[in-house]
Every structure is written in C-alpha cells, then in structure tokens.
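# Tertiary structure, described
Here is what each chain is made of, one letter per residue.
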Amino acid sequence: MTDQGKPSGAADGRSRPFRRNFIASMERAAARSGAELRWHSERWVAELRRNGRRRHVVGYNFPINDASSAFMASDKVATSVLLSDAGVPNVPHSLLRLRPDDSVADVVARLPLPAVVKPLSSSGGRDVHRAGTPVQLFDTLSALATRHPALTVCPWVPIRHEYRVITLKGRTELVFEKRSSDPSTGPGSTSWDDPAEWRHNLKLGASAVLLDEPELCAVLGGLARRAMCALGLNFGSVDILDVLGDLSVIEVNSGVCLERFSRQDDDCHAAAERVYAAAVAACFAPDEGED
C-alpha cells in the first residue's frame, strides 16, 4: 500500500489523525477482499484495485451511490421534499436564502417559532442553532447569513431519542442511538438560553449506544430503507428522531463517517470495521459493472 504525492510527514497518517481508525479499517478491509489499496492526497482518496477493476473512495464517500443521489442527500431541503413526496415521515425543511437587500426583521416575522436554523449543505452539527424568540432568530439569521449562501429552517421538535441507521443495498448494517451529553436537554427542555449542549452529535459530546433490540431495530431499519429508496441511495446513514413516540427522518448522509463512533469502545470499533468491510466488498460487486 502506497501513498502518492504526499508531503513529508503525511505517509504515516499524522497529517490526518482524525481519520486514523478509518484508514486502518480500509487497509484491513482491502486486504480481506483481496484488493490493492493505494492512498492519494494525504490519505483523503483511497484507490482500490482488484482483478483489473479500479474504484475510488473520496473522504467517506464510496463509489456505490450515483453522483446525483449523493448530491441530493447533501441538500437538506431537497431531501425533505423527496421524502415527503414518497410518504416517508420527516422533519420538514424550508429553504432560506437572504439577499443583500432583504430585511432580516421581515424574514423573522414570517417564520414560525421555535425553530432550528442550519446551513443547507453541512453536517456534524456545524452552525446549527435553535431559536425560541424573535430576537434569538434575528441574531441567528444575521450571523449565519454572512457565512452561508443558503440556509434551511425546520421546526424545533422535542426529541426523545435520536438514532442513526446505516444501510447498504437494502440491508441494515448498523443501528445505534446518539445520546445527548446532557440529560437535561430531553423532550421537556425549553430553556432556550441554557448553554447545555442540545445537539445529538458525537463530535459535540453525545455518546453512541449500540442497539440490539430486534423489534426496534426492525422498525428503524424499515424507515431508513424507505428514506434511502426515496433518494435512490445504496449506501448511507439515516438519522431518525423519536418525537414523543413518533419516528421521523431528520437527515440522510451518503458519506458514512464512523470515526468518533469507532473510538468509543471495542464494540463500536468492531461494528465500524464490519460496515467498512461490507462497503469495500460492495465496491466490487458484479452489478457495479466493469471499468
């Protein structure tokens, strides 16, 4: 396994320490599948070769989805529209694009509260803010509009649980709960000025809890597969909210990042390894075609 065009110090992965488990998982998965693995661009691009066939993994995006479906999943509003059209329960997202001559106060007056505002195409909880008052919403929009060309707004909902389901070609590969780091931020929390972390993101302190309850996993897996089918995705993760007993999709990602999840404990590490091993094998499945 080699790395092409890497600067000094990058060959051992030190340039991207946040991906160290993913890199190791990819190397083991490639070896098990009989594929040659070469790294490019500081181990951001993986080149897999087997029996004269070549595949590339860019970041956490595997060559299992078509480009348009993957791009669709990165757009929260488009995702919500397609899910609704397919009858998949989801948290509705609306597009908000502020022009230079728009009055933020007028926009605020038209939006229902409480609300959550976030960039149209980002993940990981970055620049996701909730607002319970017009003043909070005004301040949030004023700040985010200077950093992002397009925003999306969705209603704030009282989250009882948040789950992540990873599916590959119609098969549920992994189900876990993303448990908030602060138990006071559950469905009954409406203290908008509370500095406690309310977002259920692993990078923001939430913990992963592997689920093995057959009935719950079957329900979550079924909803995730419906969401994936609506977007035309073969491989990805689906985030599902339990809102007072009702399940709704909040986000779909075509890139499957399990780095922080894999670092939590040995069980999570082993689960991530299995997901990536299955994904590498799927890259060379017969129905993927030849180069």
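Before going into details, it helps to say that this report is about the structure given with it. All of these numbers come straight from a predicted model, not from anything done at the bench. (Residues numbered from 1 in each chain as written. Predicted model: local features only at pLDDT ≥ 70, side-chain atom pairs only at ≥ 80, totals over all residues. Heavy atoms only, no water.)

### Re the sheet that holds strand E8 (residues 151-155)
A sheet is described by the order of its strands in space; here four strands give the open sequence E5-E8-E6-E7, paired in antiparallel fashion. Each having just a single partner strand, strand E5 (94-96) and strand E7 (129-131) make up the two edges of the open sheet. Strand-to-strand twist across the sheet, computed as the mean angle between neighbouring axes with direction ignored, equals 30 degrees. Across five bridges, strand E6 (residues 115-119) lies against E8 in antiparallel orientation. Across the sheet, residue Pro119 finds its bridge partner in E8, namely Leu151. (Pairing = 2+ DSSP bridges. Helix = DSSP H or I, 4+ residues; strand = E, 2+ residues; numbered from the N terminus. Axes fitted to C-alpha atoms, helices over the stretch in contact; angles between N-to-C directions.)

### Brief notes about the pattern of salt bridges
As enumerated under the stated definition, the model contains 11 salt bridges in all. Measuring nitrogen to oxygen at the nearest pair gives 3.1 Å for the salt bridge that ties Lys178 to Asp239. Placement of Lys178 in strand E10 (residues 171-179) and of Asp239 in strand E12 (residues 235-243) is noted, with a sequence separation of 61 residues between them. Each member of the pair, Lys178 as well as Asp239, carries the same accessibility label: buried. Overlapping salt bridges bring together Glu162, Arg164, Lys178 and Asp239 as one network. (Salt bridge = Lys/Arg side-chain N within 4 Å of Asp/Glu carboxyl O. Buried < 20%, exposed > 50% of the residue type's maximum accessible area, 1.4 Å probe, protein only.)

### Remarks on the side chain of Asn65
Among the secondary structure elements, Asn65 is positioned in the loop between strand E4 (53-58) and helix H2 (67-73). At a separation of 2.6 Å, a polar atom in the side chain of Asn65 contacts the main-chain amide nitrogen of Asn234. At 2.8 Å, the side chain of Asn65 forms a polar contact with the backbone oxygen of Phe235. Other than its neighbours up to four places away in sequence, Asn65 contacts Leu233, Asn234, Phe235 and Ser254. (Polar contact = N/O pair within 3.5 Å; in protein donor to acceptor, adjacent residues only side chain to side chain. Contact = heavy atoms within 4.5 Å.)

### What to know about unusual backbone geometry
Between Leu113 and Pro114 the backbone carries a cis peptide bond, its omega angle lying at -5 degrees. Mapped onto the secondary structure, Pro114 falls in the loop between helix H4 (104-110) and E6. In this structure, Lys169 takes a positive phi of about 50 degrees despite not being glycine. Here Lys169 is to be found in the loop between strand E9 (161-168) and E10. Judged by its relative accessible area of 35%, Lys169 is partly exposed. A positive phi angle is found at Leu244, which is not glycine, with a value near 55 degrees.

### Points about the packing of aromatic side chains
This model, assessed by the stated rule, comprises seven aromatic pairs. For the ring pair Phe62 and Phe235, a centre distance of 5.5 Å and an interplane angle of 85 degrees mean the geometry is edge-to-face. On the criterion of sequence distance, the pair formed by Phe62 in the loop between E4 and H2 and Phe235 in strand E12 is long-range, its members being 173 residues apart. The exposure class of Phe235 is buried, given its relative accessible area of 1%. Ring pairing ties together the aromatic residues Phe22, Trp44, Tyr60, Phe62, Phe235 and Tyr276, which thus form one cluster. The ring of Tyr60 carries the charged tip of Arg19 above its face, separated from the ring centre by 5.0 Å. (Phe/Tyr/Trp six-rings, centres within 6.5 Å; stacked < 30°, edge-to-face > 60°. Lys NZ or Arg CZ within 6 Å of the ring centre and 35° of its normal.)

### Observations concerning the sheet that holds E10
Strand order in this open sheet of five strands is E11-E10-E9-E12-E13, and the pairing throughout is antiparallel. At either margin of the open sheet sits one strand with a lone partner, and together these are strand E11 (207-210) and strand E13 (246-253). Here the average twist between neighbouring strands, direction ignored, is 30 degrees. Strand direction decides the pairing type here: E9 and E10, joined by six bridges, are antiparallel. Bridging across to E10, Leu168 finds its partner in Arg171.

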